[in-house]
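Take a look at the letters that make up each chain.
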Protein chains: 2
Amino acid sequence: MNIRLKNLSQRLKRELLDCILVTAAANISYLVKFKSRDSYLLVSKKKSVYFTDSRYIDEARPLLKREGISAVNIHGPVFEEIARECEDLKFRRIGFEGHVMTCLEHRRLAASLKGKARLFPSGELVEELRQIKDASEIAFIKQALKITGLTLGFARKIIRPGRKELEIAAELERFIRFQGASNAAFDIIVASGPNSSYPHHAPTNRIIRKNEPVLIDIGVEYKGYKSDLTRVYFLGKINNLTQRVHKVVLQAQQLAIKEIRPGAKMAEIDGVSRGYIARQGFGKCFGHSLGHGVGLETHEGPRISTTSKGVLRPGMVFTVEPGVYLAGKFGIRLEDMVLVTKKGCVVLSVSIN
Amino acid sequence: MNIRLKNLSQRLKRELLDCILVTAAANISYLVKFKSRDSYLLVSKKKSVYFTDSRYIDEARPLLKREGISAVNIHGPVFEEIARECEDLKFRRIGFEGHVMTCLEHRRLAASLKGKARLFPSGELVEELRQIKDASEIAFIKQALKITGLTLGFARKIIRPGRKELEIAAELERFIRFQGASNAAFDIIVASGPNSSYPHHAPTNRIIRKNEPVLIDIGVEYKGYKSDLTRVYFLGKINNLTQRVHKVVLQAQQLAIKEIRPGAKMAEIDGVSRGYIARQGFGKCFGHSLGHGVGLETHEGPRISTTSKGVLRPGMVFTVEPGVYLAGKFGIRLEDMVLVTKKGCVVLSVSIN
C-alpha cells in the first residue's frame with residue numbers, strides 16, 4: 001500500500017469507517033498514481049480494490065499491482081459488484097464522497113448493500129490530502145509550468161494583427177504537445193480586444209487588431225498535473241486607461257503574494273488584492289475569487305476567496321489571479337502560480353512573461 | 001419560451017411538478033441554445049430562470065433574452081438564491097436531476113428550501129428530449145463530421161513510420177481548428193501497433209513503425225455538437241490475422257447497420273454485431289457496447305448495448321463501433337455515426353475513409 005492510501009486509511013479510522021468508496025476520478029488518480037477514469041476505488045486498512053471495465057482493465061492491472069491494489073473487471077451493475085466486495089470483506093460502515101456521488105448512485109449503492117452495511121458521507125478526505133503536494137507532484141507541476149512558459153514565449157511571436165483568436169489557440173495547442181505536454185489542461189483562452197472583458201471567453205474567429213490587448217489563459221498537463229497561467233500582451237500602443245488598469249492588477253497581485261506564508265488566512269490573502277483594487281476604484285470590476293489550487297485538477301483546493309475559512313500550509317500550490325474587467329471594453333487578468341514554503345512562498349512561474 | 005423549454009414544461013405537467021432545476025451543463029446548453037457552464041436553470045411553465053456568476057453573466061444575458069429566459073447573477077450560496085426564486089414563484093413541487101445532482105447539493109438545496117417545497121428526482125427528462133435531434137442539430141453534427149473527414153484525410157498523409165503518436169495527435173488537433181471546429185470533442189486517440197489493443201489508449205511518445213496498424217479515434221466540436229469516428233490505417237504490409245480481424249469487424253458493423261430502423265430494439269442491434277464476432281471466434285475480444293448517442297455530448301443516449309431496453313426512433317444519432325482487441329498485440333475498431341430516418345438509417349460518415 002502506498003503512502004497516500006496509508007494516509008487515507010488512517011483518516012478512516014478517525015471517522016470510524018471500515019472503508020471509503022472513492023468515486024472522483026482525480027481522487028482515484030491521486031491514490032493509484034496513474035490517470036484513471038470510469039473507475040471506482042474501495043480503500044480500507046486491509047485491502048484496496050479498483051473497479052473498472054474492459055476498456056481500461058488491461059492497461060490498469062500492472063500499474064495497480066505496483067501499488068498493491070487489487071483489480072476487478074466490472075461485468076454487471078457496478079454497485080452490485082462493489083456491494084459484494086464489501087460483504088466479502090465484512091465492511092459495515094462505508095464512507096462515500098457526498099460531494100461527488102449523485103443521488104441516483106447513492107440510491108443504487110444503498111439498494112445493493114441490502115441493509116448489510118451503512119453509508120456515511122465522508123467529506124473531502126482525499127481532496128484535503130491532495131492540497132499538500134509532495135516532491136514528485138511539485139516536480140510535475142514545475143515541468144508543466146516550464147512547458148507553459150515556452151508556449152507563452154511562442155505565443156508572443158505568433159500573435160499579430162490579422163490573425164484569428166482560434167488560430168492562435170490551435171497553434172498553441174499543437175506546440176505544447178511537441179514540448180512534452182500530454183494535453184492542454186483546459187480550453188485555451190485567447191481573448192482579443194473587447195473579448196478580454198469576459199473572464200472565460202472561448203476563442204472565436206475574431207481577427208486580432210492593432211493597439212489592443214490579447215489575453216491568454218493557458219495550462220498544460222504533464223504526467224497528470226496541470227498548470228494555469230494568464231498573461232496579457234499588447235499589440236502596439238496602449239491607451240492610458242488600459243495602462244492604469246494593468247498597473248492596478250499587477251500591484252494587487254504583488255501585494256497578495258507578499259502576504260503568502262504558512263498560517264496566513266486565505267480570505268485575508270484574497271482581501272489584500274480585492275481591497276487594493278477597490279481603493280483604486282475598480283471594486284465592481286473584480287467578480288471572481290483571487291485563486292484556486294492546481295494539481296491533478298486545474299481547479300482544486302485551496303480556494304482563495306472572500307469566503308475561504310482555512311489558513312495556508314506548506315506544500316499548497318495555487319494561483320494568484322486578480323482581474324479587472326470593463327464590460328465590452330477590455331479586461332486585464334494576471335495569473336501566476338505559487339508554492340507555500342516553510343517560511344513564505346515561491347512564485348513557481350516567476351520567470352515566465 | 002423556445003420549443004425545447006416548452007416540451008420540457010409539458011413533461012413537468014405529466015410528472016405533477018411545478019418546475020425542474022436543471023443542473024447538467026449539456027442539458028442547460030440544450031435548453032438555452034448556447035454552450036453553458038457553471039450555471040443552473042430553473043424551468044417552469046410560467047418562467048425560466050438562469051443562474052450563473054460574474055464570469056459568465058455578461059456574455060450570457062443577451063443570449064438568454066433571445067430565448068425568453070431571465071438571468072440571475074449569483075452572489076451568495078447558489079442554492080439559497082434558487083430557493084428564494086422558488087419561494088417567490090410559489091413552487092411547491094420541484095423536480096431535480098437525481099442522476100446529476102450530488103448528495104451534498106441535494107442536502108444544501110433541501111436545507112435552503114426550509115420545508116416550503118419538496119424535491120422529486122425527475123429522471124432523465126432533458127436527456128430523453130435530446131435523443132431526438134432536430135434539423136439544426138443534425139446540420140451541426142454533419143458539419144462536425146465534415147471537419148472530422150477532412151482531418152482523417154490529413155491524418156492519412158502525415159502518419160508514417162518514425163513519427164510519434166503524440167505528434168500526430170498534436171497536428172490533428174491544430175488542423176481541426178483551422179477547419180472551423182471550436183475544439184476536439186475528446187482527447188484524440190492515436191494508438192499504434194500493440195497500443196491499439198487498448199480501446200481507450202492515450203497517445204504516447206511511442207514511435208510508429210512499419211507494417212503496423214494505427215488506430216485513430218477522433219471527434220470535433222462544432223457549435224457545441226460533437227462527432228466521433230474511428231479508423232484504422234495500415235503502414236505497409238498487413239499480416240493475415242490482422243486482415244482477418246479487420247474483415248470481421250467491418251462485417252460486424254455492416255450487419256448491424258443493415259438492421260437499424262425505427263422500432264428496432266437497441267439490444268438486438270448490439271446483438272447482431274456481437275453475435276457475428278462471437279461466431280467468428282472473437283467473442284471475448286469485444287468487451288464494450290456497440291454504440292452511443294452523440295450530440296451536445298460525445299457520449300449520450302441512446303446507449304446501444306446488450307442491456308439496452310429501448311427501441312430506435314427517427315432523429316436518433318449514434319455510433320456503431322464494434323471492436324476486436326487482442327491484448328498486447330493489436331486492436332481493430334471501426335466507428336461510424338448513423339441517423340435513424342423514418343424508414344431506416346443514413347450513415348452520416350459514409351464518405352469518410
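As the structure is a prediction and not an experimental result, all values here were calculated from the model. (Residues numbered from 1 in each chain as written. Chains lettered and ligands numbered in written order. Predicted model: local features only at pLDDT ≥ 70, side-chain atom pairs only at ≥ 80, totals over all residues. Heavy atoms only, no water.)

## Quick word on the overall build of chain A
Okay, so step 1: Scanning chain A from N- to C-terminus turns up 10 helices and 19 strands.
Okay, so step 2: Taking 20 Å as the expected radius of gyration for a compact globule of 353 residues, we find that chain A reaches 23 Å, a close match to that expectation.
Okay, so step 3: Dimensions along the principal axes, computed over C-alpha positions, put chain A at roughly 70 × 40 × 35 Å.
Okay, so step 4: Going through the 353 residues of chain A one by one, you find that 59% of them count as buried.
Okay, so step 5: Long-range contacts, defined here as pairs at least 24 residues apart, represent 65% of the contacts in chain A between residues at least 6 apart.
Okay, so step 6: Total accessible area computed for chain A in this model is approximately 15,100 Å², and 52% of it derives from carbon and sulfur atoms. (Helix = DSSP H or I, 4+ residues; strand = E, 2+ residues; numbered from the N terminus. Rg over C-alpha atoms; globule rule 2.2 N^0.38 Å. Buried < 20%, exposed > 50% of the residue type's maximum accessible area, 1.4 Å probe, protein only. Contact = heavy atoms within 4.5 Å. Areas by Shrake-Rupley, 256 points an atom, 1.4 Å probe, with all protein chains shown as cover.)

## What to know about the pairing of strand β4 (residues 70–73) of chain B
Residue and element names in this part refer to chain B.
Okay, so step 1: Two strands pair when backbone bridges link them, and strand β3 (residues 48–52) and β4 are joined in this way by four bridges, in the parallel orientation. Bridge pairing in β4 links Thr52 to Asn73.
Okay, so step 2: The handedness of the β3 to β4 crossover, carried by helix α3 (residues 57–66), is right-handed. (Pairing = 2+ DSSP bridges. Right-handed = clockwise from strand over helix to strand, strands pointing away.)

## Regarding the side chain of Thr23 of chain B
Okay, so step 1: Take Thr23 of chain B: it is sitting in the loop between β1 (19–22) and α2 (25–32).
Okay, so step 2: Aside from chain neighbours lying at most four places away, what touches Thr23 of chain B is Ile28, Ser39, Tyr40, Glu97, Val100 and Met101 of chain B.

## A word on the sheet that holds strand β1 (residues 19–22) of chain A
Residues and elements named next belong to chain A.
Okay, so step 1: A sheet is described by the order of its strands in space; here six strands give the open sequence β4-β3-β2-β1-β5-β6, paired in mixed fashion. The sheet is open, and its two edges are formed by β4 (70–73) and β6 (118–121), each paired on a single side. For this sheet, the mean inter-axis angle between neighbouring strands, taken without regard to orientation, is 25 degrees.
Okay, so step 2: Where strand β2 (residues 39–44) and strand β3 (residues 48–52) come together, five bridges link them in antiparallel fashion. Along β3, the bridge assignment pairs Tyr40 with Phe51.
Okay, so step 3: Along the sheet face, helix α1 (residues 3–14) touches β1, β2 and β3 and points at about 65 degrees away from the line of β2.
Okay, so step 4: Sheet strands touched by helix α4 (residues 78–88): β1, β2, β3, β4 and β5 (93–96). Its angle to β2, the strand with the most contacts, is close to 15 degrees. (Axes fitted to C-alpha atoms, helices over the stretch in contact; angles between N-to-C directions.)

## Quick word on the sheet that holds strand β7 (residues 183–184) of chain A
Two pairing modes exist for strands in a sheet, parallel and antiparallel, and in both the strands are linked by backbone hydrogen bonds.
Residue and element names in this part refer to chain A.
Okay, so step 1: Within the open sheet, the three strands sit side by side as β7-β10-β11. Their pairing is antiparallel. The strands lining the two open edges of the sheet, one partner per strand, are β7 and β11 (225–226).
Okay, so step 2: Strand direction decides the pairing type here: strand β10 (residues 220–222) and β11, joined by two bridges, are antiparallel. Within the sheet, the bridge partner assigned to Tyr222 lies in β11 and is Tyr225.
Okay, so step 3: Running at roughly 140 degrees to β10, helix α7 (residues 135–158) makes contact with β10 and β11 of the sheet.

## Points about the relation of the copies chain B and chain A
Okay, so step 1: With an RMSD of 0.0 Å, the fit of chain B onto chain A corresponds to turning through 180 degrees and sliding 0.0 Å along the axis. The transformation just described matches what one would write down for a two-fold rotation axis. Relative to the rotation axis, the closest C-alpha in chain B is found at Thr102 of chain B, a distance of 2.0 Å.
Okay, so step 2: Of the interface residues in chain B, 97% have counterparts in chain A that sit at the interface too, so the contact is made through matching surfaces. (Least-squares fit on C-alpha atoms with pLDDT ≥ 70 in both.)

## Notes on the pairing of strand β18 (residues 336–340) of chain B
Residue and element names in this part refer to chain B.
Okay, so step 1: Of all five residues that make up β18, five are buried, and the element is covered over most of its length.
Okay, so step 2: Here β18 shows a buried face lined by Asp336, Val338 and Val340 and a second buried face lined by Met337 and Leu339.
Okay, so step 3: As judged from the four bridges shared by strand β15 (residues 317–320) and β18, these two strands associate in the antiparallel manner. Bridge pairing in β18 places Val320 opposite Asp336.
Okay, so step 4: Counting the residues that bridge the hairpin from β18 to strand β19 (residues 345–347) gives four residues.

## A closer look at the pattern of salt bridges
All names here are of chain A.
Okay, so step 1: Counted according to the given criterion, the structure contains 40 salt bridges over all chains.
Okay, so step 2: Ionic pairing is found between Glu300 and Lys133, a salt bridge with its closest N-O pair at 2.5 Å. Highlighted residues: Glu300 in strand β14 (residues 300–304) and Lys133 in the loop between α6 (125–131) and α7, separated in sequence by 167 residues. Taken as a pair, Glu300 and Lys133 share a single burial class, namely buried.
Okay, so step 3: Look at the salt bridges and you will find they share partners, linking Arg130, Lys133, Glu297 and Glu300 into a network. (Salt bridge = Lys/Arg side-chain N within 4 Å of Asp/Glu carboxyl O.)

## Structural notes on the domain arrangement of chain A
A common way to express how large an interface is: the accessible area buried when the components associate.
Residue and element names in this part refer to chain A.
Okay, so step 1: As far as domains go, chain A holds domain 1 (3–129) and domain 2 (135–347).
Okay, so step 2: Domain 1 and domain 2 are separated by 35 Å when their C-alpha centres are compared.
Okay, so step 3: Between domain 1 and domain 2, roughly 450 Å² of surface is buried when both sides are summed, and carbon and sulfur atoms account for 49% of that area.
Okay, so step 4: The tally of links from domain 1 across to domain 2 stands at one salt bridge. (Domains from an automatic or database assignment. Buried area = accessible area lost by both parts, 1.4 Å probe.)

## A short note on the packing of helix α8 (residues 165–178) of chain A against helix α8 (residues 165–178) of chain B
Okay, so step 1: At a closest axis distance of 8 Å, the pairing of α8 of chain A and α8 of chain B adopts a crossing angle of 180 degrees. Judged by the inter-axis angle, α8 of chain A sits roughly antiparallel to α8 of chain B. On the side of α8 of chain A, the interface is formed by Leu166, Glu167, Ala169, Ala170, Glu171, Glu173, Arg174, Arg177 and Phe178 of chain A, while α8 of chain B contributes Leu166, Glu167, Ala169, Ala170, Glu171, Glu173, Arg174, Arg177 and Phe178 of chain B.
Okay, so step 2: Here the residues of the contact of α8 of chain A with α8 of chain B sort into eight nonpolar, no polar and 10 charged. (Parallel < 35°, antiparallel > 145°, perpendicular 65-115°, else oblique. Nonpolar A, V, L, I, M, F, W, Y, C, P; charged D, E, K, R; others polar.)

## Some thoughts on the interface of chain B and chain A
Okay, so step 1: On the chain A side, the residues contacting the 38 residues of chain B number 38 residues.
Okay, so step 2: Between chain B and chain A the total buried area reaches about 3,300 Å² when both faces are included, carbon and sulfur atoms providing 57% of it.
Okay, so step 3: Along the contact surface separating chain B from chain A lie four salt bridges.
Okay, so step 4: A salt bridge links Glu173 of chain A to Arg177 of chain B, with the nearest nitrogen and oxygen atoms 3.0 Å apart.
Okay, so step 5: Taken together, the links from chain B to chain A amount to 16 residue pairs in polar contact (both at pLDDT 80 or more).
Okay, so step 6: Listing elements by their share of the side of chain B that touches chain A, those giving two or more residues are α3, α5 (103–113) and α8 of chain B.
Okay, so step 7: The class makeup of the residues in the side of chain B that touches chain A is 15 nonpolar, 11 polar and 12 charged. (Polar contact = N/O pair within 3.5 Å; in protein donor to acceptor, adjacent residues only side chain to side chain.)

## Concerning the packing of aromatic side chains
Okay, so step 1: Applying the stated criterion across every chain, the model contains 10 aromatic pairs over all chains.
Okay, so step 2: Their ring planes at 50 degrees and their centres at 5.9 Å tell us that Phe34 of chain B and Tyr50 of chain B sit as a pair that is tilted. With Phe34 of chain B in the loop between α2 and β2 (40–44) and Tyr50 of chain B in strand β3, this pair connects stretches of sequence that are 16 residues apart. When sorted by exposure, Phe34 of chain B lands in the same class as Tyr50 of chain B, which is buried.
Okay, so step 3: By the ring-pair criterion, three or more aromatic residues cluster together here, those being Phe140, Tyr222 and Tyr225 of chain A.
Okay, so step 4: Lying over the aromatic face of Phe286 of chain A, Arg274 of chain A brings its terminal NZ or CZ to 4.1 Å of the ring centre.
Okay, so step 5: The aromatic ring of Phe120 of chain B is capped on one face by Arg93 of chain B, whose charged end is 4.1 Å from the ring centroid. (Phe/Tyr/Trp six-rings, centres within 6.5 Å; stacked < 30°, edge-to-face > 60°. Lys NZ or Arg CZ within 6 Å of the ring centre and 35° of its normal.)

## Thoughts on the environment of Val72 of chain A
All names here are of chain A.
Okay, so step 1: Along the chain, Val72 turns up in strand β4.
Okay, so step 2: The spacing of Val72 and Val338 is 266 residues in sequence and 39 Å in space, taken between C-alpha atoms.
Okay, so step 3: Excluding its chain neighbours within four sequence positions, the residues that come into contact with Val72 are Val49, Tyr50, Phe51, Thr52, Ile57, Glu81 and Glu85.

## A closer look at α1 of chain A
Okay, so step 1: The first and last C-alpha atoms of α1 of chain A sit 17 Å apart over 12 residues, in line with the 16 Å expected at 1.5 Å per residue.
Okay, so step 2: Two residues or fewer past α1 of chain A, Leu16 of chain A is found with a positive phi of approximately 60 degrees. (Expected span 1.5 Å × (residues − 1).)

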